[in-house]
Amino acid sequence: MNTGTANTDTALHRVHWMPGTDRLLAVCHCGAERAFEDPVPLWDWLLGHPEDHDRPAEGAP
C-alpha cells in the first residue's frame, strides 16, 4: 500500500544534458559523476553502482 510518503532508501540517479554538446552527465546517488556520449553505457554505469564510481571515465581530461 502506498502511504504517499517518500522512501528515503530509494536511490536517485540523475542524467543531465550538457548544452552545446552531445554529452550526458550521469550523477549517481552516491555523488559520483561521469560524462557519456551514449546513453546505454551511461545507464550501465549508473545501475552498476559502485563499480567504477571512483575512477574517471576513459578519455576524461
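Details of the structure are given in the entry above.
Residues numbered from 1 in each chain as written. Predicted model: local features only at pLDDT ≥ 70, side-chain atom pairs only at ≥ 80, totals over all residues. Heavy atoms only, no water.

S.K.: Run through helix α1 (residues 39-47), naming residues and quoting values.
M.R.: Turning to α1, its buried residues are L42, W45 and L46. Buried positions in α1, seen along its axis, are confined to an arc of 95 degrees and lie on one side of it. Exposed residues on α1 whose side chains face more than 90 degrees from its buried face are V40, D44 and L47. Of the surrounding secondary structure, the elements contacted by the buried residues of α1 are β1 (14-17), β2 (24-27) and β3 (33-36). For α1, the N-terminal capping position is held by D38, with its side-chain oxygen 3.1 Å away from the main-chain nitrogen of V40. (Buried < 20%, exposed > 50% of the residue type's maximum accessible area, 1.4 Å probe, protein only. Helix = DSSP H or I, 4+ residues; strand = E, 2+ residues; numbered from the N terminus. Arc of directions from axis to C-beta. Contact = heavy atoms within 4.5 Å. Polar contact = N/O pair within 3.5 Å; in protein donor to acceptor, adjacent residues only side chain to side chain.)

S.K.: Outline the sheet that holds β1, listing residues and values.
M.R.: Reading across from one edge, β1-β2-β3 is the order of the 3 strands in this open sheet, with antiparallel pairing throughout. Each end of this open sheet is capped by a strand with a single partner; those strands are β1 and β3. Each strand axis lies, on average, 25 degrees off the axis of its neighbour in the sheet, ignoring direction. As paired strands, β2 and β3 are joined by 4 bridges and run antiparallel to one another. Looking across to β3, one finds that V27 is bridged to E33. Its contacts with the sheet put α1 on β1, β2 and β3, and the angle it makes with β2 is roughly 10 degrees. (Pairing = 2+ DSSP bridges. Axes fitted to C-alpha atoms, helices over the stretch in contact; angles between N-to-C directions.)

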